[in-house]
Amino acid sequence: MSTDWKKTAKDKADSVLDLIPKEWRIDKIPSPQEQRDVTGSYIHQFLSKEEIEITETDAVGIVTKTSAGTWKSVDVAKAFCHRAALAHQLLSCLHEIFFDAAIKSAEELDQYYEKHKKPIGPLHGLPVSLKDQFHVKGVETHMGYVGWIGTFQGKKGTRKEKNYESEMVRELRELGAILFVKTSVPHTLMAGETVNNIIGWTQNPKNRNLSCGGSSGGEGALIGVRGSPVGFGTDIGGSIRIPAAFNGLYGIRPSVGRMPYQGMANSMDGQNSVLSVVGPIATTPEALKLVMQALLTKKPWLHDPLVLEIPWRAEAEAAVSDPIKRLSERLSFAVMENDGCCTPTPPVARAVDMVVKALQKNGHTIIDWKPTPNHSRVTEICYKAWAFDGGADCKRDIDLSGEDMAAQALVLDMPQANAMDIMAVNIEKRDAQKDYMEYWNSTSEQTGTGEPVDAIISPLAPFPAARENGYTYYGYSSWVNMLDYTSVVVPVTLVDKNTDKKMEDFTPIDETDQKTQDTYDPEIYDGAHVSIQLVGRRLQEEKMIALAKYVGEVLRG
């Protein structure tokens, strides 16, 4: 295939575009210079009033309507298929389209409701998009690799080609979800931008000069333009949270063991020191709760040996929401304004400050997050784990077709680690986790509540979104993965070129710090989403979603 990879890639991309009905085609796609923002009124011009109402309702609202019989599942499915088709033409955010199968599933759900007068499950009639790591019957999984086209994860003759489903896919179907698209990823999955040789570079719908993030970037772009109400991505160094942040969405990186990953394609599969996890991205925190709570009713620990037997814990959620309602107990937060390695650009610094001031105004305690040892130690451990195979896994899949590797791919070309090297990194990781655990415990001495901080307020990246080939620093997201903390992204504001001016007389920490500030241009970034992350301890998904909901409400006054 090595001499024909460009044709193979183009044929694949064209075959997906060909699945879009002619009546849904856009005659002329504007350049980013002609149309920076394709959300809201721009995309509305191609949709009916009913389609706009459906697609701008959040996942909870959709399920409320479909479960009551107020909306037909088939109408919901068709509306999101239409909007997703528009999104792909504008942003290049889809790897696979299976609209016909989705509409057939929706019709079957409507027939079930007509017969039984009740929904089939808690996600009845809810369209759900999937990152192109999920295997879905009848649909290809190529994960951005040209060499995976027409194969099962790069192998031929397995009998699994288009005939195998991931565990979560089965569970979503049983819960009543409608699966309709698989979204774009960077080949290798190791990038904070989404780019591959099949679909090109996926753009940010709010500001097409900028990246949609990665590696679950297609999810971020699609949901950001409301072409899906909720979708699932994965996160080994920020890959759920980065697209959520760049596109003004809520997204959760659960701890290892909460959500089923069984039967999904992956990069560096078998590297178990810093594991990739699966989690949702959505327009509201309530939607995150809806899909996670629903999936846990399927007892995924009976079908995925790495899932912990932890059902949804309403009491953990109530521990946050009850004090908020009573206003008789204070919450406490630590803030990491700067990790000491890379300075956030002005819009991100402003967003962090907005969250801090809003919480202080509501009577909550804020302290500084300054652990010892410093932040760089944690990110270094993460990079060591990613480099165990010296990039062999990703390079092997690139070499299947002979395609070029994207410059953005964070594939470390170095000698492979041996068993003793891996053991040493695992010890480093364990020691760092213990140090951070005890530091977190020690914050009880500063909070005034007698308890350690409830969460950490932190940038998710040093910029609101990366410019093309401009993702300079991953330390604000990857530390969470190494420590296996729970983290939820909360959208805060938009870049304002008149307020978020470049820093004058900036003194960089190092070359990376300078490069990061150099990428920031108020004119280019104007109007882009700006978000932060709330970081909680391990396995605190219920609490962190509740906190994200509260912080979002506080920000809105």
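This text goes with the structure placed above it.
On a predicted model such as this, the values are computed, not experimentally measured, just so you know. (Residues numbered from 1 in each chain as written. Predicted model: local features only at pLDDT ≥ 70, side-chain atom pairs only at ≥ 80, totals over all residues. Heavy atoms only, no water.)

Asker: Explain the overall build of the protein here, please?
Answerer: Counting secondary structure elements, the protein contains 20 helices and 13 strands. Taken against the 2.2 N^0.38 rule, which gives 24 Å for 557 residues, the C-alpha radius of gyration of the protein at 22 Å falls within 12% of a compact globule. With the C-alpha coordinates aligned to their principal axes, the bounding extent of the protein is approximately 60 × 55 × 50 Å. Put simply, the protein has 557 residues, and 60% of those count as buried. Taking the contacts inside the protein whose residues are at least 6 apart along the sequence as the reference set, 81% of them involve residues at least 24 apart. Counting every atom, the protein has about 21700 Å² of accessible surface; 49% of that belongs to carbon and sulfur. Within the protein, one finds 61 positive and 74 negative side-chain charges whose respective centroids are separated by 4 Å. (Helix = DSSP H or I, 4+ residues; strand = E, 2+ residues; numbered from the N terminus. Rg over C-alpha atoms; globule rule 2.2 N^0.38 Å. Buried < 20%, exposed > 50% of the residue type's maximum accessible area, 1.4 Å probe, protein only. Contact = heavy atoms within 4.5 Å. Areas by Shrake-Rupley, 256 points an atom, 1.4 Å probe, with all protein chains shown as cover. Lys, Arg positive; Asp, Glu negative; His and termini not counted. Charge placed at Lys NZ, Arg CZ, Asp CG, Glu CD.)

Asker: Sorry, what's going on with the nonpolar core here?
Answerer: A general trend in soluble globular proteins is that nonpolar side chains are found buried together. With 124 residues, the main nonpolar core has Leu126, Leu172, Phe232 and Ile457 as its most contacted residues. The greatest single-element share of this core, amounting to 12 residues, is contributed by helix α5 (residues 73–91). Residues contacting Leu126, with those up to four places away along its chain left out, are Ala59, Ile62, Val63, Gly176, Ala177, Ile178, Pro229, Val230, Leu290 and Val291. One finds Ala334, Ile381, Cys382 and Val425 within the second-largest nonpolar core, a separate group that totals 31 residues. (Core = buried A, V, L, I, M, F, W, Y, C linked by side-chain atoms within 4.5 Å.)

Asker: When you look at the pairing of strand β10 (residues 365–368) in this model, what are you seeing that I'm missing?
Answerer: One face of the sheet, then the other: side chains in a regular strand alternate in exactly this way. Bridge count for strand β9 (residues 332–335) against β10 is four bridges, and the pairing is parallel. Within the sheet, the bridge partner assigned to Ala334 lies in β10 and is Ile367. The β-α-β motif built from β9, the intervening helix α12 (residues 346–361) and the parallel element β10 has right-handed crossover chirality. (Pairing = 2+ DSSP bridges. Right-handed = clockwise from strand over helix to strand, strands pointing away.)

Asker: Teacher, can you tell me more about the sheet that holds strand β3 (residues 178–183) here?
Answerer: Backbone hydrogen bonds are what pair the strands of a sheet, in a parallel or an antiparallel way. Strand order across the open sheet formed by 11 strands is β1-β3-β2-β6-β8-β7-β12-β13-β11-β9-β10, with mixed pairing between neighbours. The two strands at the open ends of the sheet, each matched to only one other strand, are β1 (94–97) and β10. In this sheet, adjacent strand axes meet at a mean angle of 25° when their direction is disregarded. This element, helix α10 (residues 285–296), spans β6 (230–235), β7 (250–253), β8 (277–282) and β12 (486–494) of the sheet and lies at about 140° to β8. (Axes fitted to C-alpha atoms, helices over the stretch in contact; angles between N-to-C directions.)

Asker: Can you walk me through helix α20 (residues 541–555) in this structure?
Answerer: Compared with the 21 Å implied by 1.5 Å per residue over 15 residues, the 21 Å span of α20 between its first and last C-alpha is a close match. Counting buried positions over the 15 residues of α20 gives 12, a clear majority of the element. Listed as buried for α20 are Glu541, Glu542, Lys543, Met544, Ile545, Ala546, Leu547, Ala548, Tyr550, Val551, Gly552 and Val554. Once α20 ends, the next one or two residues include Gly557, with phi positive near 80°. (Expected span 1.5 Å × (residues − 1).)

Asker: Sorry, what's going on with the environment of His529 here?
Answerer: One can find His529 in strand β13 (residues 529–536). Relative accessible area serves as the criterion here: at 19%, His529 is assigned to the buried category. For His529, the residues in contact, after removing those within four places along its chain, are Lys206, Ala245, Phe246, Asn247, Gly248, Pro464, Thr493 and Leu494.

Take it as geometry only, folks, not as evidence of what the structure does.
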